[in-house]
Amino acid sequence: LVLLLFSTCPLSFSVQSLEDLTSQLLLHRKDIRLKLGQPSVDYKTVSGEDYLIEVSNKLSSKVPSSWHRVSSTKQVTRYRSPFVFESLKRRAQLNETLQEQSQAAWVTFLSEFRDTFSSGSRRAVDHLSTLDCLLSLSKLAQQNGYIRSTVLPHDDVHGTAQLEIVAGRHPVVEALMATESDRQFVANSTNMTVNIVYS
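As a starting point, this report considers the structure included with it. Here the structure is a predicted model, which means the values were calculated and not measured. (Residues numbered from 1 in each chain as written. Predicted model: local features only at pLDDT ≥ 70, side-chain atom pairs only at ≥ 80, totals over all residues. Heavy atoms only, no water.)

**Overview of unusual backbone geometry**
- Despite not being glycine, Tyr51 has its phi angle at roughly 55 degrees, a positive value.
- Counting through the fold element by element, Tyr51 comes out in strand β2 (residues 49-56).
- The phi dihedral of Ala167 falls on the positive side, at around 50 degrees, and the residue is not glycine.
- In this structure, Ala167 sits in strand β5 (residues 160-168).
- Overall, Ala167 belongs to the partly exposed group, its relative accessible area being 40%. (Helix = DSSP H or I, 4+ residues; strand = E, 2+ residues; numbered from the N terminus. Buried < 20%, exposed > 50% of the residue type's maximum accessible area, 1.4 Å probe, protein only.)

**Quick look at the packing of aromatic side chains**
- Taken as a whole and assessed by the stated rule, the structure comprises three aromatic pairs.
- Aromatic side chains Tyr43 and Tyr51 sit 4.9 Å apart centroid to centroid with 70 degrees between the ring planes, which places their arrangement in the edge-to-face category.
- Overall, the relative accessible area of 14% leaves Tyr43 in the buried class.
- With relative accessibility at 14%, the residue Tyr51 sits in the buried group. (Phe/Tyr/Trp six-rings, centres within 6.5 Å; stacked < 30°, edge-to-face > 60°.)

**Here's the deal with the pattern of salt bridges**
- The full count for this structure, using the stated rule, is five salt bridges.
- Taking the shortest distance from any N to any O, the salt bridge between Asp50 and Arg91 comes out at 2.8 Å. Placement of Asp50 in strand β2 and of Arg91 in helix α4 (residues 82-144) is noted, with a sequence separation of 41 residues between them. (Salt bridge = Lys/Arg side-chain N within 4 Å of Asp/Glu carboxyl O.)

**Focus on the pairing of β2**
- Inspection of the sheet shows strand β1 (residues 43-46) paired to β2 by three bridges, in the antiparallel sense. Its bridge partner being in β2, Lys44 is matched across the sheet by Leu52.
- Linking β1 back to β2 in an antiparallel pair, the connection comprises two residues, with Ser47 at a positive phi of about 55 degrees. (Pairing = 2+ DSSP bridges.)

Following this line, the structure appears as structure tokens:
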């Protein structure tokens, strides 16, 4: 579904346009090298500014007047040719468009996913969350020696209800007291029986 969505939305066109623009900028290096007479010159990135043409101040006379000066030091000056300047403006536009299209594609994906897989995926998530809870409880019980409660059937004959806890421990209180070296948790037992009166 994700691949299908990507291949059929305008998102793929913007990505391809950005790739083509990058290829054109790389090919433009040939023209830059010819103009400067420097076969090894390449783009530089300085302080987040990319596609800078760094030229030694000794060769500044070879720089075309149409180039945009970006920054300089005592040794070098950095420029952008008109082609690079316009290409970066175009890249900024494409990136903005790509961001908008990405958001739109994501919303479309969520909508299609909800319509196609919503009921099944919701059931799966519910089951997984229950399993995660049970696994967490079982790991905690194994680490601390907890046991599962035993629920007996209701005694209709004698009409009584009973709650019996042997060496009961409160997991939260026990964990808090474990952090205090001078205090120790004491387990408590409880046995309660209630007579049920039927009217």
